[in-house]
Amino acid sequence: MIPRRPVFARDYIVETVEAFRDFSNQQNKSNLSQEYFWYKDVLDEYFLAVDNSESTVKKAKLIYSQSNNKNESNQVKRKPYVRDFKNKIAYDDMYELSRQRRSVRWFEQRKVDRDLLDKAFLVANQSPSACNRQPFEFLVYDNAEMVRKISNCSIGMTGFKENVPGIIVLKGNLNAYFSERDRHIIYIDGGLAAMSFMFALETLGLSSCPINWPDVEKNEKKLANLLRLEKYERPIMLIAYGYPNKNALVPYSEKKSLNNIRRYDNTN
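Counting starts from 1 at the beginning of each chain's written sequence and moves along it residue by residue. Restriction of local features to residues with pLDDT of at least 70 applies here, the model being predicted, together with a cutoff of 80 or more for giving and counting side-chain atom pairs; totals for whole chains, interfaces and linings are based on all residues. Side-chain measures were taken over the full set of non-hydrogen atoms in the model, leaving aside hydrogen atoms and water.

What about the overall build of the protein?
A run of H or I in DSSP becomes a helix once it reaches four residues, and a run of E becomes a strand once it reaches two; helices and strands are each numbered from the N terminus. Secondary structure summary: the protein contains 9 helices and 4 strands in total. Starting at the N terminus, the α and β elements of the protein follow one another as α-α-α-α-α-β-α-β-α-β-α-β-α. When the backbone C-alpha atoms are referred to their principal axes, the protein occupies close to 70 × 45 × 40 Å. Between buried and exposed lies partly exposed: a residue is buried under 20% and exposed over 50% of the maximum accessible area for its type, with that area taken using a 1.4 Å probe on protein chains only. By residue count, 37% of the 268 residues in the protein fall in the buried class. We call two residues contacting when some pair of their heavy atoms lies within 4.5 Å. Considering only contacts within the protein whose residues lie at least 6 apart along the sequence, 82% involve residues at least 24 apart. For the protein, the accessible area works out to roughly 18200 Å², and carbon and sulfur atoms hold 50% of it. Of note, the protein has its 42 positive side-chain charges centred 1 Å away from the centre of its 34 negative side-chain charges. Only the protein chains shown count as cover for residues, with accessible areas throughout obtained via the Shrake-Rupley method and a probe of 1.4 Å. Charged-residue counts in this description rest on Lys and Arg as positive and Asp and Glu as negative, His and the chain ends being excluded. To locate a charge, take NZ of a lysine, CZ of an arginine, CG of an aspartate or CD of a glutamate.

As structure tokens, then:
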């Protein structure tokens, strides 16, 4: 915040350090997770920034001191920083990528190297996420039998499902939240990550087709049973992927005009 207040996060800092204490006490000291260092660095910075004599902060710092591994250090400091705003990506290149990427339904019948997929997932992982909870997971299937079974759960793949060499179930995790107010965030965060993922695939010579997952109870149950999903897990969408069949036709998608998708200072 600018200007930074002498005490902030008073309403939830105690709950936060309690969660960190429980989390850190479960960590293997010889193999600490990246998340651990991120949580620790942010909390260290918090206690350096606030008035430690304030009663709530004082209580929180005492709880924080009870966490294990508190003296462990890491070279990379995961705390707020001043970003380099020098633009290294040309707009024209980004616009060209957006026009180049189109939904492809016809693929070469060969598996995709998983190292290429992981590169695309690294891009997806940089997508914005509310409170950085990242409440999603990409479940990847390239076994022909599982691809067929998952495709049969969808009502949007008629006509091309037999041609799909690989399919991804983008799964949302509702256990990241405690309130009904957040029940739609998995779809927003998941959608942002999916778009980044599909753009990345395009740069790697791969194509994709996002497949709508309508909220139909029988289909939800069918896929949940097939994938053994927990009650708090929800399918967000499916994504078919693979090397494109370069001789196949791709539908021409006329986009709405700029004036039909945005309004400035709308008061009507």
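That covers the picture; the talk isn't over yet.
Let's talk about the nonpolar core
Membership of the largest hydrophobic core comes to 25 residues, with the highest contact counts inside it found for Phe138, Phe197 and Ile239. Within the residue set of this core, elements represented by two or more residues are α5 (114-124), β1 (136-141), β2 (166-173), α7 (185-203) and β4 (233-242). In terms of residue count, the dominant contributor to this core is α7 (8 residues). What we call a nonpolar core is a set of buried Ala, Val, Leu, Ile, Met, Phe, Trp, Tyr and Cys residues that are connected through their side-chain atoms within 4.5 Å. The next biggest cluster of nonpolar side chains, apart from the first, holds 20 residues, and it includes Tyr141, Ile150, Ile167 and Trp213.

Quick notes on the pairing of strand β3 (residues 207-211)
β3 sits mainly inside the fold: 4 of its 5 residues count as buried. Being paired, for any two strands, means DSSP has found at least two bridges between them. Strand direction decides the pairing type here: β3 and β4, joined by 5 bridges, are antiparallel. By the bridge assignment, Ile211 is partnered in β4 with Leu238.

Here's the deal with the packing of aromatic side chains
The geometry of an aromatic ring pair comes down to the distance between the two centres and the angle between the two planes. Pairing of aromatic rings covers Phe, Tyr and the six-membered ring of Trp, with a centre-to-centre limit of 6.5 Å; geometry is then stacked below 30 degrees between planes, edge-to-face above 60, and tilted otherwise. Scanning the model with the defined rule gives 13 aromatic pairs in all. Consider the rings of Phe20 and Tyr36, whose centres lie 5.6 Å apart with planes at 25°: the pair is stacked. Residue Phe20 is located in helix α1 (residues 13-25), and its partner Tyr36 is located in helix α2 (residues 34-49); the two are separated by 16 residues in the primary sequence. Judged by relative accessible area, Tyr36 falls into the buried class, the value being 0%. Between Phe138 and Phe197 the ring centres are 5.3 Å apart and the planes differ by 40°, which places this aromatic pair in the tilted class. With Phe138 in strand β1 and Phe197 in helix α7, the pair connects residues that are 59 residues apart, well separated along the chain. Taken individually, Phe138 and Phe197 each receive the classification buried, so the pair is uniform in this respect. Every member of this aromatic cluster is reached through a ring pair, and the members are Phe8, Phe20, Tyr36, Phe37, Tyr46, Phe47 and Tyr64. Here the basic side chain of Arg105 rests over the ring of Phe160, its NZ or CZ set 5.8 Å away from the ring centre. In our convention, an over-ring charge means Lys NZ or Arg CZ found within 6 Å of a ring centre and within 35 degrees of that ring's normal. A cation over an aromatic ring shows up here: Arg110 above the ring of Tyr243, its NZ or CZ 3.7 Å from the ring centre.

A short note on the side chain of Ser67
Mapped onto the elements, Ser67 comes out in the loop between α3 (55-64) and α4 (91-100). For Ser67, the contacting residues outside a window of four places in its chain are Phe20, Arg21, Ser24 and Asn25.

Digging into unusual backbone geometry
Ile2 connects to Pro3 through a cis peptide bond whose omega is -5°. Of note, Pro3 is situated in the segment before α1. Positive phi values are uncommon outside glycine, yet Ala9 reaches one of about 65°. Along the polypeptide, Ala9 turns up in the segment before α1. Despite not being glycine, Cys131 shows a phi value in the positive range, around 55°. Looking at the element boundaries, Cys131 is found in the loop between α5 and β1.

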